[in-house]
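Chain by chain, the residues run as shown.
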Amino acid sequence: MDSRGTNSVPRFKDQVALVVGAAHGIGKAIAMRLGREGADVAIADIDPDAMEITVQEMRSEGSKCQGVTCDVRDSAQVQAAVKQVIDWHGRIDILMQIAGIAPAKPFLELDEATWDDTININLRGAFLVARAVVPHMVARRKGKLVFMASTNSWDGEAQLAHYNASKSGVFLLAKTLARELGRFGINSNAVGPGPIRTRLSAPIFDDPVYQAKYHPETGVVPLGRLGTPEEVAGPALFLASEDAAYVSGVLLFVDGGQLA
Ligand SMILES: NC(=O)c1ccc[n+]([C@@H]2O[C@H](COP(=O)([O-])OP(=O)(O)OC[C@H]3O[C@@H](n4cnc5c(N)ncnc54)[C@H](O)[C@@H]3O)[C@@H](O)[C@H]2O)c1
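Just so it is clear, the structure is predicted and the values come from calculations on it, not from any experiment. (Residues numbered from 1 in each chain as written. Predicted model: local features only at pLDDT ≥ 70, side-chain atom pairs only at ≥ 80, totals over all residues. Heavy atoms only, no water.)

Student: Before we go on, may I ask you to explain the nonpolar core in this structure?
Tutor: Across soluble globular proteins, you tend to see nonpolar side chains buried next to one another. In terms of nonpolar packing, the biggest core is built from 39 residues, with Leu18, Leu145 and Phe147 touching the most fellow members. The set of elements that each furnish at least two residues to this core consists of strand S1 (16-20), strand S2 (40-45), helix H3 (75-89), helix H4 (112-140), strand S5 (143-148), helix H5 (161-181) and strand S6 (186-193). Sequence-distant contacts of Phe147, defined by excluding residues within four places in its chain, comprise Gln97, Ala126, Ala130, Val170, Leu173, Ala174, Leu177, Ser188, Asn189, Ala190 and Val191. Formed by 33 residues, the second largest nonpolar core is a distinct cluster that contains Met32, Met58, Val232 and Ala240. (Core = buried A, V, L, I, M, F, W, Y, C linked by side-chain atoms within 4.5 Å. Buried < 20%, exposed > 50% of the residue type's maximum accessible area, 1.4 Å probe, protein only. Helix = DSSP H or I, 4+ residues; strand = E, 2+ residues; numbered from the N terminus. Contact = heavy atoms within 4.5 Å.)

Below, the structure written as structure tokens:
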């Protein structure tokens, strides 16, 4: 191990990673871990101020990082952001598609705007980003796609019909790309966190209904606690690593055993 706590030959040395949705939360933890493990990291996010803080934090650790503002709902912005990363580095070895929202609403109160925004960011955004990145990977016959699914890709959690539908779609998108793109040397997988304390999940975990659901002793998580963004970063990086060279089309749950 070197002074930064990583192996002396970093796992992702000389690899270019694009992490979309890395200003906050899980995406930020993934970007920081990729940087610590030697990758050249480009981050894209809708929140330029928070993204700049992430860039500066990563650089202060000695990581290589650049940021580009991008709203994944906007095809032109997505294309421009990916072009910017290609202009910087000439390639993208790893895509981490993380950006997402999860506004909780009971189905009887679910309005079209909430449905559309959730599907547009979580699912259509994943499509737009993958569509922009994949041709560059196909040209090089090489690439790792990691999509952000959820336990909610499988579990129909109440008050989150729109979110569950979006995350189920993201998982099937990842699986379909595994089928279609394997012959180009591209792995496509998804990571599926359970309850992770972040800005996104804070309102949910502050709701008494969910406090009961995730109660340490009587709740649904066998390990008896919420997870951290860093605990998702490790499994996500595994899927992008050479250790996962023969892994494609899976959804790796990171949920403290919730779906056991
Ligand atoms: N926190 C959890 O418990 C949990 C569980 C399962 C899955 N997830 C998923 O993990 C991902 C990250 O969630 P988080 O908990 O870290 O939330 P977060 O709010 O902390 O981070 C989400 C990131 O996505 C960015 N983003 C949002 N809309 C965007 C847009 N239109 N264009 C570009 N970037 C945008 C935000 O600025 C932010 O940086 C999401 O896809 C979420 O669905 C979270």
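Student: Sorry if this is basic, but what is going on with the site of the ligand here?
Tutor: Taken together, 29 residues sit near the ligand, with Ile26, Asp45, Ile98, Tyr163 and Thr198 positioned nearest. The separation between an oxygen atom of the ligand and a polar side-chain atom of Asp45 is 2.6 Å. Ile196 places a main-chain nitrogen or oxygen 2.9 Å from an oxygen atom of the ligand. Relative to its unbound accessible surface of 830 Å², the ligand loses 96% to contact with the protein. (Near = heavy atom within 4 Å. Polar contact = N/O pair within 3.5 Å; in protein donor to acceptor, adjacent residues only side chain to side chain. Areas by Shrake-Rupley, 256 points an atom, 1.4 Å probe, with all protein chains shown as cover.)

Student: I'm lost on unusual backbone geometry in this one. Help?
Tutor: Working note: non-glycine residues mostly have negative phi, and peptide bonds are mostly trans. Here the phi dihedral of Asp14 falls at roughly 65°; this positive angle occurs in a residue that is not glycine. With respect to the element layout, Asp14 can be found in the segment before S1. Notably, Gln159 is not glycine yet its phi reads approximately 70°, a positive angle. Tracing the chain through its elements places Gln159 in the loop between S5 and H5. The exposure class assigned to Gln159 is partly exposed, which follows from its relative accessible area of 26%.

Student: Just to check I follow, could you spell out the packing of H3 against H4 for this structure?
Tutor: Axes are the key here: two packed helices are described by the angle between their axes and the distance separating the axes. Here H3 crosses H4 at 35°, and the two axes come no closer than 9 Å. Seen from above, H3 lies across H4 with right-handed handedness. Within the contact between the two elements, H3 uses Ser75, Val78, Gln79, Val82 and Ile86 and H4 uses Leu128, Val129, Arg131, Ala132, Val133 and His136. (Axes fitted to C-alpha atoms, helices over the stretch in contact; angles between N-to-C directions. Left-handed = near helix turned anticlockwise from the far one by under 90°.)

Student: Explain the packing of aromatic side chains here, please?
Tutor: The full count for this structure, using the stated rule, is one aromatic pair. A centroid spacing of 5.5 Å and a plane angle of 90° characterise the contact between Phe205 and Tyr214, whose relative ring orientation is edge-to-face. With respect to class, Phe205 is no different from Tyr214; both count as buried. (Phe/Tyr/Trp six-rings, centres within 6.5 Å; stacked < 30°, edge-to-face > 60°.)

Student: Which parts of the structure should I look at to understand the side chain of Asp40?
Tutor: Examined against the element boundaries, Asp40 turns out to sit in strand S2. Overall, Asp40 belongs to the buried group, its relative accessible area being 18%. Each residue touching Asp40, except ones within four places of it in the same chain, is listed here: Gln15, Val16, Ala17, Lys64 and His89.

Student: Looking at this structure, I do not really get the packing of helix H1 (residues 25-36) against helix H8 (residues 229-240). What am I missing?
Tutor: Across the interface, H1 lies against H8 with an axial gap of 8 Å and an inter-helix angle of 55°. The angle between H1 and H8 places the two elements in the oblique class. The two elements H1 and H8 cross, and the hand of that crossing is right-handed. Listed contacts from H8 to Gly25, Ile26, Ala29, Ile30, Arg33 and Leu34 of H1 are Pro229, Glu230, Val232, Ala233, Gly234, Ala236 and Leu237. A class-by-class count of the residues in the contact of H1 with H8 yields nine nonpolar, two polar and two charged. (Parallel < 35°, antiparallel > 145°, perpendicular 65-115°, else oblique. Nonpolar A, V, L, I, M, F, W, Y, C, P; charged D, E, K, R; others polar.)

Student: Looking at this structure, I do not really get the pattern of salt bridges. What am I missing?
Tutor: Opposite charge on two side chains makes pairing possible when the charged atoms of those side chains draw close. For the structure on display, the rule yields 16 salt bridges. Measuring nitrogen to oxygen at the nearest pair gives 3.0 Å for the salt bridge that ties Asp71 to Arg73. Assessed through its relative accessible area of 30%, Arg73 is described here as partly exposed. Residue Arg140 pairs with Asp93 through a salt bridge whose shortest N-O separation is 3.0 Å. A residue pair is termed long-range when its members are at least 10 positions apart, and Arg140 in helix H4 and Asp93 in the loop between H3 and strand S4 (94-97) qualify at 47 residues. A relative accessible area of 33% places Arg140 in the partly exposed class. (Salt bridge = Lys/Arg side-chain N within 4 Å of Asp/Glu carboxyl O.)

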